Amino acid sequence: MTSRNFLVVLSLVPLLSTFAHQQPFHSEWLDQPDEYEFKWPIHKVAIIGAGVNGLIAYREFTGAGFEQLRVFERDDVPGGNWHYTEQTPLDAPIPNADASVGDFVPSLPPAEASFPYQENYSEWEPRWREHRGPKPVWESLESNAPAPIQQITEIPWPTGTPWHLPHRTLARYLRAFASFHGANSNDANPDIAYNTRVELVEKRYDEAGQEHGWTVTVKRLERTGPYSSTAIWWTEDFDAVVVATGRYNAPNIPQISGLKEWAEKFPGSVIHSRQYRRPEPFANETVLVVGGATSAVEITREINSKALKVYQSVRAPNPYLPYEAARLQLKRLPANVSVVPEIRHFHSSNSSIEFANGTVILGVTRVIFGTGFRYSFPFLPQFNNLSDSSSPHPIVTNGTHLRSLHEDFLYIEEPTIGLLNMNWGMQSFTYAEYLSLALAKVWSRKAVLPGQATLWRKYEQRVAERGGYGRHLHFLGADRTSAMIRFFVGWLNDAAVKFGGRQIDGQSKDLPEISAAWSRARYAEIVVQANASTLGNDERVASFDWIHGEDW
Ligand SMILES: Cc1cc2nc3c(=O)[nH]c(=O)nc-3n(C[C@H](O)[C@H](O)[C@H](O)COP(=O)(O)OP(=O)(O)OC[C@H]3O[C@@H](n4cnc5c(N)ncnc54)[C@H](O)[C@@H]3O)c2cc1C
Ligand SMILES: NC(=O)c1ccc[n+]([C@@H]2O[C@H](COP(=O)([O-])OP(=O)(O)OC[C@H]3O[C@@H](n4cnc5c(N)ncnc54)[C@H](OP(=O)(O)O)[C@@H]3O)[C@@H](O)[C@H]2O)c1
């Protein structure tokens, strides 16, 4: 059977199923007597972001009986990352801005101002661009996970949907999901505030001086004319906050000697992948693309036919990641691309670039950093800190990873802050469903969280097991994703037996087969060509076993 036929056959198999009747499950710590006691009851919940994770959270929380729900979205439509626009993000700072403001610098009214506070401007486009943060998707981008895997279980793709999903299809799908739950920008739903960016989340104290939830300061930007706008700030109080802002907002441009001078000497020659939209501007240019993962490789594949020459700078693999996770994308590089090591120095004086092995190249006219993103929550300044010993414990440090989180989704020190989609190497559409349900249950007292001592102990154990702090800390991959989903299914189904609620199902049994077929189609031809004489069939498939998510 050809790989094409194989894909078609597999697209007809049943998808992830939603409900099942499973036996209650008891994990090691569920039987422990310690239970976390929330300091205040949770009635009002804020969700920051209306991407797929924020929308799924909205659905779960709507069904969980909270008194008030609010979703704040800085953009004017739902869909998050998948809202493609020609408008591009601003130039990334070189060198990187501090991770605490890597995404944006919070915009707050003067200290003496009272809320609501308003300012009027005689410009629109530059302010809107900064406020909404254009997303890092380019014109030709398609999903790098097959449709049966990249879906919300409630609305499976219709039978026959091609496995490659253009970004516009995904955007429509997410808008449809939002509409289904009355959360689209044209639904006039008072729960949802579009064009509204969260600038600050700070601890709230009641009249008796006791901690009682969070005060959220937001800013809405409204267009008032072709070249005018108004900003309005106000605050709202909540008992718990869901951070669903995604992990691809703050660009990462590594600190490289001579880069700042190069960017200043050749204005416009250095961009981050989030600004890339199409290949034409790179026609007849000599391009250095930095990075060895999806953005870097996919952009190289696209510009390669137009550019004069493309170099790809790839650094040594991270030893704490599975080798395939760090290297798989490189199998998609066109043969005429020259792979070079990590950059040592940009010499703007003679327009040369020197690499870690001493190689020097001349004539590079454009540099594209496909070097990923950093975790950044500018609205949580009190949890941005470089030191573990600081109080409160930090969430964001240098942007490569997050700290102090239970299973990467719940802030241990104040478990009324939940974070969605902070892992990678998993499928963010499907994983969101488990995390959102867990938050909704824990906060509505329909599931029990262990005490903080247990949470810290498990956290430290997990950090040690995953090789310490760094980008690898939040990598799941297939085995860990499956284990985590089993954990959530067990925990939440057990809680449903005790406290009521629906039983949920785990991963589709078809997932490994779908993944293997997709991976063969996407990568194996290249691998098999390269290794035909050395690998048996089983080995070729086995080498893709770690894959489940969008990070192929
Ligand atoms: C170039 C690229 C390609 C990708 N391709 C794939 C793929 O093929 N398959 C796949 O599964 N995944 C892919 N991903 C991962 C992608 O992030 C997820 O698919 C998904 O969009 C994550 O959803 P999310 O809701 O967590 O975050 P997002 O989709 O990023 O949504 C977050 C939302 O929060 C809003 N927001 C941020 N800050 C604030 C604030 N302060 N106040 C209010 N609102 C705020 C943003 O405007 C945004 O709407 C890709 C990512 C990138 C960068
Ligand atoms: N659907 C699509 O076609 C598509 C396209 C683009 C992106 N995406 C998704 O978007 C997300 C982000 O992907 P991304 O590729 O932008 O970011 P990423 O996955 O974080 O990859 C960043 C890459 O840059 C490398 N890097 C960092 N610093 C470097 C340096 N100094 N020199 C050389 N290399 C350096 C990293 O190497 P290390 O591994 O050593 O850190 C890594 O290879 C992923 O989920 C991805 O799947 C999807």
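Remember, it's a predicted structure, so these values are computed and weren't measured experimentally. (Residues numbered from 1 in each chain as written. Chains lettered and ligands numbered in written order. Predicted model: local features only at pLDDT ≥ 70, side-chain atom pairs only at ≥ 80, totals over all residues.)

Visitor: Please explain the sheet that holds strand β11 (residues 286–290) as it appears in this structure.
Guide: Paired through their backbone hydrogen bonds, the strands of a sheet run either parallel or antiparallel. The five strands lie next to each other as β10-β17-β11-β12-β13, forming an open sheet whose pairing is parallel. Only two strands of the sheet have a single neighbouring strand rather than two, namely β10 (270–272) and β13 (338–340). Going across the sheet, the axis of each strand differs from the next one's by a mean of 20°, ignoring polarity. Where β10 lies against strand β17 (residues 366–369), three bridges are found, and the strand directions are parallel. Counted as the bridge partner of Val270 is Val367 from β17. Of the strands in this sheet, β11, β12 (309–313) and β17 touch helix α6 (residues 294–303), which is tilted by about 160° from β11. (Pairing = 2+ DSSP bridges. Helix = DSSP H or I, 4+ residues; strand = E, 2+ residues; numbered from the N terminus. Axes fitted to C-alpha atoms, helices over the stretch in contact; angles between N-to-C directions. Contact = placed C-beta atoms within 7 Å.)

Visitor: Would you take a moment to explain the sheet that holds strand β5 (residues 196–205) for this structure?
Guide: Taken in spatial order, the four strands make up an open sheet running β3-β7-β6-β5, and their pairing is antiparallel. A single partner strand is all that each edge strand has here, and the edge strands are β3 (117–121) and β5. Across the sheet, the axes of successive neighbouring strands diverge by a mean angle of 20°, strand direction being ignored. With eleven bridges connecting them, strand β6 (residues 211–225) and strand β7 (residues 228–238) associate as antiparallel partners. Bridge assignment links Thr215 to a residue of β7, and that residue is Asp237. The strands that helix α3 (residues 125–132) touches are β3, β5, β6 and β7; relative to β6, the one it contacts most, it runs at about 150°.

Visitor: Would you explain the pairing of strand β14 (residues 343–347) in this entry?
Guide: A regular strand places its side chains so that they alternate between the two faces of the sheet. Pairing geometry for β14 and strand β15 (residues 352–355), over four bridges, is antiparallel. When the sheet's bridge partners are listed, His347 is paired in β15 with Ser352. Here β14 hands over to β15 after four residues, with Ser351 in that stretch at a positive phi of 55°.

Visitor: I keep staring at the pairing of strand β8 (residues 240–243) and nothing clicks. Help me out?
Guide: The alternating pattern of β8 places Ala240 and Val242 and Val241 and Val243 on opposite faces, both of which are buried. Sheet analysis places strand β1 (residues 44–48) next to β8, joined by four bridges and oriented parallel. Within β8, the position partnered with Ile48 by the bridge is Val243. With three bridges connecting them, β8 and strand β21 (residues 417–419) associate as parallel partners. What sits directly across from Val242, in β21, is Gly418. (Buried ≥ 20, exposed ≤ 12 C-beta atoms within 10 Å, placed from the backbone.)

Visitor: Would you explain the packing of helix α2 (residues 52–62) against helix α8 (residues 428–443) in this entry?
Guide: When two helices pack together, their arrangement is given by the angle between the helix axes and by the axis-to-axis distance. Where α2 contacts α8, the axes come no closer than 9 Å and their chain directions differ by 40°. The two elements α2 and α8 cross, and the hand of that crossing is right-handed. On the side of α2, the interface is formed by Val52, Asn53, Ile56, Ala57, Glu60 and Phe61, while α8 contributes Ser428, Phe429, Ala432, Glu433, Ser436, Leu437 and Ala440. (Left-handed = near helix turned anticlockwise from the far one by under 90°.)

Visitor: Before we go on, may I ask you to explain the confidence of the model for the chain in this structure?
Guide: Low-pLDDT portions of the prediction should not be read for the details of their coordinates. For the chain, the mean per-residue pLDDT works out to 89, and 89% of the residues sit at or above 70. Between residues 1–26, whose pLDDT stays under 50, and residues either more than four places distant or in other chains, the model counts 46 contacts. The low-confidence segment residues 525–552 (pLDDT under 50) makes 46 contacts with residues lying over four places distant or belonging to another chain. (pLDDT = per-residue confidence, 0-100.)

Visitor: Just to check I follow, could you spell out the nonpolar core for this structure?
Guide: Considering soluble globular proteins, one finds that nonpolar side chains tend to be buried as a cluster. Of all hydrophobic cores here, the largest spans 133 residues; its most connected members are Ile47, Val241 and Val242. Here this core gathers at least three residues from each of two domains, domain 1 (42–249 + 375–499) and domain 2 (253–371). Every residue in contact with Val241, bar those within four places of it in the chain, is listed here: Ala46, Ile48, Val201, Trp214, Val216, Thr416 and Ile417. (Core = buried A, V, L, I, M, F, W, Y, C linked by C-beta atoms within 7 Å. Domains from an automatic or database assignment.)

Visitor: Help me understand the packing of α8 against helix α10 (residues 477–499), please; the structure alone is not making it clear to me.
Guide: One can describe the packing of α8 onto α10 by two numbers: an axis separation of 10 Å at closest approach and a directional angle of 35°. Seen from above, α8 lies across α10 with left-handed handedness. The residues of α10 that touch α8, namely those facing Tyr434, Leu437, Ala438 and Lys441, are Ile485, Phe488, Leu492 and Ala495. The residue inventory of the contact of α8 with α10, partitioned by class, reads seven nonpolar, no polar and one charged. (Nonpolar A, V, L, I, M, F, W, Y, C, P; charged D, E, K, R; others polar.)

Visitor: Explanation requested: the site of ligand 2 in the structure shown.
Guide: As a structural note, the neighbourhood of ligand 2 is formed by 27 residues, with Pro254, Gly291, Ala293, Ser295 and Gly372 the closest of them. Among the residues making up the shell around ligand 2, the classes are represented as nine nonpolar, twelve polar and six charged. Lining the shell around ligand 2 are residues from two domains, each supplying at least three of them: domain 1 (42–249 + 375–499) and domain 2 (253–371). (Near = placed C-beta within 6 Å.)

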